[in-house]
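These are the residues of each chain, in order.
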Amino acid sequence: MKSNKLVFSAIAAFVFIAAAVTAIYIFRNEIADFFVDIKARIDEKILNRGGGEYVE
């Protein structure tokens with residue numbers, strides 16, 4: 001019984017890892033765009049922090 005739980009856990013872990021890798025592969029462009037957008041927002045905040053002037 002104990003070995004059945006271990007085998008089931010190993011299979012479930014493998015399926016989970018395969019699904020995660022597949023999702024990353026399918027959505028790699030969207031993930032990259034998300035991080036580029038986040039970086040642009042951070043850079044904008046850093047550049048606007050030191051000036052003290054408001055841009056309209």
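Given the structure is predicted, the values throughout are model-derived calculations rather than measurements.

> Help me out: how do you make sense of the overall build of the protein in this one?
Across its full length, the protein carries 2 helices and 0 strands. Buried positions account for 0% of the 56 residues belonging to the protein. Carbon and sulfur atoms make up 69% of the accessible area of the protein, which totals about 5,800 Å².

> Quick question: what am I supposed to make of the environment of threonine 22 here?
By secondary structure assignment, the location of threonine 22 is in helix H1 (residues 2–26). On the basis of relative accessible area, threonine 22 is assigned to the partly exposed category, the value being 41%.

> What's the story with the packing of aromatic side chains in this structure? I'm lost.
Note on aromatic pairs: each is described by the distance of the centres and the angle between the planes. Under the counting rule described, the total for this entry stands at 1 aromatic pair. With a centroid separation of 5.3 Å and 70° between ring planes, the pair formed by phenylalanine 34 and phenylalanine 35 is classed as edge-to-face. A relative accessible area of 52% places phenylalanine 35 in the exposed class.

> Is there a simple way to explain the pattern of salt bridges in this structure?
Pairing between side chains of opposite charge can happen when their charged atoms approach one another. Tallied over the entire structure, the rule returns 2 salt bridges. Notably, a salt bridge pairs lysine 39 with aspartate 43, separated by 2.8 Å at the nearest N-O pair. With lysine 39 and aspartate 43 both in helix H2 (residues 28–49) and 4 residues apart, the pair spans about one turn of that helix.

> I'm lost on a nonpolar patch on the surface in this one. Help?
The grouping of Ile24, Tyr25, Ile26, Phe27, Ile31, Phe34, Phe35, Ile38, Ile42 and Ile46 at the surface amounts to a nonpolar patch, some 1,000 Å² of accessible area in total. Top element by residues in the nonpolar patch is H2. It accounts for 6 residues. With relative accessibility at 47%, the residue isoleucine 42 sits in the partly exposed group.

Definitions and cut-offs
- Each residue is numbered by its place in its chain's sequence as written, counting from 1.
- The model is predicted, so local features are restricted to residues of pLDDT at least 70 and side-chain atom pairs to those at 80 or more, both for listing and for counting; the totals for chains, interfaces and linings are taken over all residues.
- Hydrogens and water molecules were not included; the side-chain quantities draw on all heavy atoms of the structure.
- Segments assigned H or I by DSSP are reported as helices when at least four residues long, segments assigned E as strands when at least two residues long, and all are numbered from the N terminus.
- Relative accessibility thresholds used throughout: buried, under 20% of the residue-type maximum; exposed, over 50%; partly exposed, between the two (1.4 Å probe, protein chains only).
- For the accessible areas, the method is Shrake-Rupley and the probe is 1.4 Å, while residue cover comes only from the protein chains on display.
- Here is the rule: rings of Phe, Tyr and Trp (six-membered ring for Trp) pair when centre to centre is within 6.5 Å. Planes less than 30 degrees apart are stacked, more than 60 are edge-to-face, and the remainder are tilted.
- Just to be clear on terms, a salt bridge is a Lys or Arg side-chain nitrogen sitting within 4 Å of an Asp or Glu carboxyl oxygen.
- Put simply, a patch holds well-exposed residues, over 30% relative accessible area, that have no salt bridge, with like charges counted together within 9 Å and Val, Leu, Ile, Met, Phe, Trp or Tyr side chains within 5 Å.

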